[in-house]
Amino acid sequence: MNFSIDPVLEKADIQWQESGEPFSRHYQDIYFSRAGGLAETHHVFLQANDLQQRWLQAEQTNTDSFTIAELGFGTGLNFLATWQLWRRTRPGRLRLHYISCEKYPLAAADLSKVLSNWPELAQEAAALSASYPDHSSGYHRLLLGRNPTTEGIHPEITLDLYFGDAAHMLAEQARQGQTRIDAWFLDGFAPRVNPEMWQESLLEQIRALSGPGSSLSSYSVTGKVIRTLQVLGFQVEKRKGFGLKRQMLFAELMPAAPVKEAKIEGARTELAARPRITVLGAGLAGSSTAWQLARRGYQVIVIDANKQAAGGASGNPQAVLQCRLNRDPSAEWQFNLHSYLYACRLYTWLTHTGHKPFHWHDCGVLTLASAYRHTRKTGSATNYPHYDAQVLHAVTAEQASNIANIRVDEPGVFMPGGGWLNPVLLCESYLSHPDIELICNTRIEQIEHDGACWHLSNPATGFTHQSEIVILATSHEITTMAQGAGLPVSPLRGQVSFVPTTANSGKLSCVVCASRYLTPAFGDDHSIGASYIKNSTDTELSEQEQAENLAAIKADFPGLNLDTPGLLAGRAGIRGGSQDFMPLVGQVPDNRFWQEVDGGSQHLSGHAREVKANHYPGLFVNVGHGSHGVATTALCADYLAAMISKEASPIPASVARCLDPTRFQQRKLRKLSASPRLHSRAPK
Ligand code: SAM
C-alpha cells in the first residue's frame, strides 16, 4: 500500500436534496436512481446476478461461502438490500462475504440519515450504523448478524470495507492470490465524472479476482468498459435497464477465458471435504485461531500442556486493549491500527451476540506522554495526525483528569474504543464453540509428517494424535519443536501486580498508561503492569518487580495512595516476542530455508534478493504477539483462518508481508545482495 497519501480519508461531501436524497458535490452525481434506490438495487444487482438462486444452489453443493465485491459502498444501500435478501433466503451453512471499496466514506450521521429513507431496512441499517468504522484508510472487517452458535444457523455476514482507492485496494487483495469473487457490483459514479472507477487497470484487478462463473453487473453500458471486459474474457450482455435507463450491463467470466493470472488455486472447498485441524496452544492466539476456523465450518482440536486454557501469558485477570502507536504511516502502522480496530469491534460483537461474556469494558485508554518516554526520543508524544480523531485524540492534563476521573499531571492521547477484558474468559468464550474440542494437560513433544498428515506425539506419555493441518500457537515455546526451531521468537517475562483499591483509586474510570498501566478496579483490585524482562522464562513472583511496578505508578499518580502493605500479589507470565515487535503468522518454512539463508547466503549472486521458502505441508504458525496479544491475536487469527480456507484476506498484501515468518531472513538477503562484498565479485 502507498502509505504516504491520505492515512485518514476525506468524508463524502453531501448536498441534501429536497427529497432527502444525497448528491455528491465532489462528483456532481446522484448516489442512486431518482426512480427508487432500493428497487434499482434489486433490479441491477441482486436479480441480475441471480443471487438467491445461486445461494440455494451453493447450499445444495455443500459450498462453504459466497463472496460479493462492490465498487462504491456509498450509502451502503446495495449492501443492506443484499443482507436482507440473505437473511430471508437463509441458505443453511453457506456464509456470505461482502467486500466494498470506498474512497470518500459518508460521515456516520449522513449514513444514518440517508438510510432512514428505507424503514424496511431499519434492522440491518441499525446494525451497520452501530459498527460503521472511522475514516482510517485500509481494510476494515466487520462481523454483522447474530450468533450462529446459539441459533444453529449462519445468518451472520462478513463485511469488508476497503477504505481507499478501489484499484489499489483490490490489487492488494489480488496479490495474495487466495480468493475468488462470485459476483461483482460495479456502482461507481458515472464514467463521465468518475473515470478512475472504470479504468482498465481496475477492470484487470476484477479479472484477477474472478474465476469461471464469476458474474458482474452495472447500471452503466459504456462502450469502452464493455470492450475491456470482453478482452479480459467476460461474456457481456446488455439487459433492460432500471427507471429511465434503457439498458444495463451483465457479464460473466467464461470457463474458457484465458487464464491471465493463474493464482486462484481451488478457492472453494466443500464443507464435507474439510481437513482435520489441530491447534497447539490454548492462549489467546490459539483459542482465537480455533474459533475463526470453527466459525468457518472446520472441526478443530486444541491441545495445551497446561491444565486449563490461557494457562500461560494470557492468564492475567485484566488485559488492556490499546492501539500500539507508530510515529509515521507504514505497513506496521496499518497492522497495529487495524488489529486494534478489529479487536474493538469483535469483542463488542461477541459480547452483544450472546457469546460467553469475558468482562469486556470499552471504557477507553488514556496513553500519557511518559508511556513512550523510553522509546520516543524526539517529537511530540501527542501529535499523531495519521490517526482518525475517532480512533484517538490529544488531551491536555486537565482533559485527561476529567476523562479518567482521577488527577493526571501529563498530556497524552485518549483512545475511546479501547479498554480491558479478562483474557482467560475470552479464551473460554472462543473455545466454547461446539466445533472445538479442548484437550488440556497434554504436551506435544514432536510432530512428524508421513506424506499425508501430521503425527503429533509425546513419547514419554504415549499420547498420539493425527491431523492434516497443524497450527503452532505455542508462543516462545515454539522453538522447542524441531520445525519451529528457526523461528525468531524469544521469551519476555512480564509481572503484573494486584493492588487493593483506595478511596481515590476506585473512581478511576478508564485505563491509564504512563510508565506502567493501571486498570480500573476489578473486584477489589487494580492491575498494574507490567515488568519487561527479556529472555527470562521464570514464572516465580518477584518482590523487586512488584516494588518497581508500584513505585512507577505511585510516582505517576501520587494522589491515589496505592500500596500493597507486605503483600506479594500478582502474576508473572512469559510472552513471546519477535525482534521487530510484529507477530509471525503464516506457513512454516522448512529447515532448508534457514540453511539456505544462514549457511549458504554468501554464495548467492547479487541478484538473489529473495529466496522462495518451501513450506512444511499444512503447518502454520501464529506467535510473537508480545505484550499486545489482546489487540493483535483477533485479526491475526482471522487472517490465518482466511489463508487456510482460501478466502479474502482481512489485511492488504503489504501488511501481510510484515507478518511473514520468513521476513527477517528475506531482509537479510536483500541486505546481502546489496552489500559491496557481493558486488565486488562483479567484473571491475
Ligand atoms: N453503492 C452505493 C450505494 O449503495 O449507496 C452507491 C455508490 S455511489 C454511486 C459511488 C461511490 O463510489 C461513491 O461513494 C464514491 O465516493 C465512490 N468512489 C468514487 N471513486 C472511487 C474510487 N476510485 N475508489 C473507491 N471508491 C470510489
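Nothing here was measured: the structure is a model prediction, and the numbers come from that model.

Re the state of the cysteines
- Summed over all chains, the structure comprises zero disulfides.
- With no disulfide of its own, cysteine 427 lies 11 Å from the sulfur of cysteine 440, the closest cysteine sulfur.
- Cysteine 513 takes part in no disulfide bond, and the closest cysteine sulfur to it belongs to cysteine 510, at a distance of 8.9 Å.
- With a relative accessible area of 4%, cysteine 513 lands in the buried category.

Re helix H5 (residues 122-131)
- When we look at burial in H5, the residues that qualify are Glu124, Ala125, Leu128 and Ser131. Considered in projection along H5, the buried side chains sweep an arc of 135 degrees and stay on one side of the axis. Opposite the buried face of H5, by more than 90 degrees, sit the exposed residues Gln123 and Ala130.
- Looking at the buried residues of H5, the elements they touch are helix H3 (77-89), helix H4 (108-115), strand E6 (138-144), strand E7 (157-163) and helix H11 (331-352).

Looking at H3
- The end-to-end C-alpha distance of H3 is 18 Å, a good match for the 18 Å that 13 residues give at a rise of 1.5 Å each.
- Across the 13 residues that make up H3, a large majority, 12, are buried.
- All buried positions along H3 are accounted for by Leu77, Asn78, Phe79, Leu80, Ala81, Thr82, Trp83, Gln84, Leu85, Trp86, Arg87 and Thr89.

Description of the sheet that holds strand E19 (residues 436-439)
- Read from one edge of the open sheet, six strands run E19-E13-E12-E23-E31-E30, paired in mixed fashion. In the strand order of this sheet, the two ends are held by E19 and strand E30 (584-589), each with one partner. Across the sheet, the axes of successive neighbouring strands diverge by a mean angle of 25 degrees, strand direction being ignored.
- The pairing of strand E12 (residues 277-280) with strand E13 (residues 300-303) spans four bridges and is parallel. Bridge pairing in E13 links leucine 280 to isoleucine 303.
- Lying on the sheet, helix H10 (residues 284-294) is in contact with E12, E13, E19, strand E23 (469-472) and strand E31 (615-623); it crosses E13 at an angle near 170 degrees.

Observations concerning the environment of threonine 278
- Checked against the element boundaries, threonine 278 lands in strand E12.
- In this structure, the C-alpha to C-alpha distance between threonine 278 and isoleucine 301, residues 23 residues apart in sequence, is 4.8 Å.
- Non-local contacts of threonine 278, meaning those with residues more than four positions away in its chain, are made with Ile301, Ile303, Leu456, His465, Ser467, Ile469, Val470 and Ile471.
- Here histidine 465 takes part through its side chain, which lies 2.9 Å from a polar atom of the side chain of threonine 278.

Concerning the packing of aromatic side chains
- On inspection of all chains with the given rule, the structure shows 21 aromatic pairs.
- For the pair tyrosine 347 and tryptophan 360, a centre-to-centre distance of 5.8 Å together with 70 degrees between the ring planes defines the contact as edge-to-face. Taken together, the residues tyrosine 347 in helix H11 and tryptophan 360 in the loop between H11 and strand E15 (365-368) connect sequence positions 13 residues apart. Both residues of the pair, tyrosine 347 and tryptophan 360, belong to the buried class.
- Put simply, the rings of Phe45, Phe73, Phe79, Trp83, Tyr98 and Phe185 touch in pairs and so form one group of aromatic residues.
- The ring of phenylalanine 250 is capped by arginine 239, whose NZ or CZ atom sits 3.9 Å from the centre of that ring.

Here we look at the site of the ligand
- With respect to spatial proximity, 23 residues lie near the ligand, and among them Gly72, Thr75, Glu102, Asp165 and Asp187 are the closest.
- Between the ligand and the protein, one listed contact pairs a nitrogen atom with a side-chain N or O atom of aspartate 165 at 2.8 Å.
- Between aspartate 187 and the ligand, the recorded distance is 2.7 Å, taken from a side-chain N or O atom to a nitrogen atom.
- For the ligand, whose unbound accessible area comes to 610 Å², protein coverage reaches 99%.
- Looking at the shell around the ligand residue by residue, the class counts come to nine nonpolar, eight polar and six charged.

Here's the deal with the sheet that holds strand E8 (residues 181-186)
- The strand order across the open sheet formed by eight strands is E6-E7-E5-E4-E8-E9-E11-E10, and the pairing between neighbours is mixed. Of all the strands in the sheet, the pair left with one neighbour each is E6 and strand E10 (234-240). Averaged over all neighbouring strand pairs, the angle between strand axes comes to 20 degrees, with direction disregarded.
- Sitting on the sheet, H3 touches strand E4 (65-71), strand E5 (95-102), E6, E7 and E8, and the angle it makes with E5 is about 175 degrees.

A closer look at the pairing of E15
- Alternating residues of E15 divide into Val365 and Thr367 and Leu366 and Leu368, and every residue in both groups is buried.
- As defined by bridge partners, E15 adjoins strand E17 (residues 412-415) across four bridges and the pair is classed as antiparallel. Looking at the pairing, threonine 367 lines up with valine 413 of E17.
- Where E15 meets strand E25 (residues 511-513), three bridges bridge the pair, whose relative direction is parallel. Residue pairing for E25: leucine 366 is matched across the bridge by valine 512.

Some thoughts on the side chain of serine 215
- On the secondary structure map, serine 215 appears in strand E9 (residues 210-218).
- Residue classification places serine 215 among the buried residues on the basis of a relative accessible area of 2%.
- Within the structure, serine 215 has its side chain in polar contact with the side chain of asparagine 49 (distance 2.6 Å).
- The residues touching serine 215, leaving out its near neighbours within four places in the chain, are Asn49, Arg54, Asp182, Ala183, Trp184, Phe250, Ala251 and Glu252.

Observations concerning unusual backbone geometry
- Its identity as a non-glycine residue notwithstanding, asparagine 561 has a phi of 55 degrees, on the positive side.
- Positive phi outside glycine occurs at lysine 646, with the angle close to 55 degrees.
- Within the secondary structure, lysine 646 sits in the loop between helix H16 (629-644) and helix H17 (653-656).

Rules used in this analysis
- Residues numbered from 1 in each chain as written.
- Predicted model: local features only at pLDDT ≥ 70, side-chain atom pairs only at ≥ 80, totals over all residues.
- Heavy atoms only, no water.
- Disulfide = S-S within 2.5 Å.
- Buried < 20%, exposed > 50% of the residue type's maximum accessible area, 1.4 Å probe, protein only.
- Helix = DSSP H or I, 4+ residues; strand = E, 2+ residues; numbered from the N terminus.
- Arc of directions from axis to C-beta.
- Contact = heavy atoms within 4.5 Å.
- Expected span 1.5 Å × (residues − 1).
- Pairing = 2+ DSSP bridges.
- Axes fitted to C-alpha atoms, helices over the stretch in contact; angles between N-to-C directions.
- Polar contact = N/O pair within 3.5 Å; in protein donor to acceptor, adjacent residues only side chain to side chain.
- Phe/Tyr/Trp six-rings, centres within 6.5 Å; stacked < 30°, edge-to-face > 60°.
- Lys NZ or Arg CZ within 6 Å of the ring centre and 35° of its normal.
- Near = heavy atom within 4 Å.
- Areas by Shrake-Rupley, 256 points an atom, 1.4 Å probe, with all protein chains shown as cover.
- Nonpolar A, V, L, I, M, F, W, Y, C, P; charged D, E, K, R; others polar.

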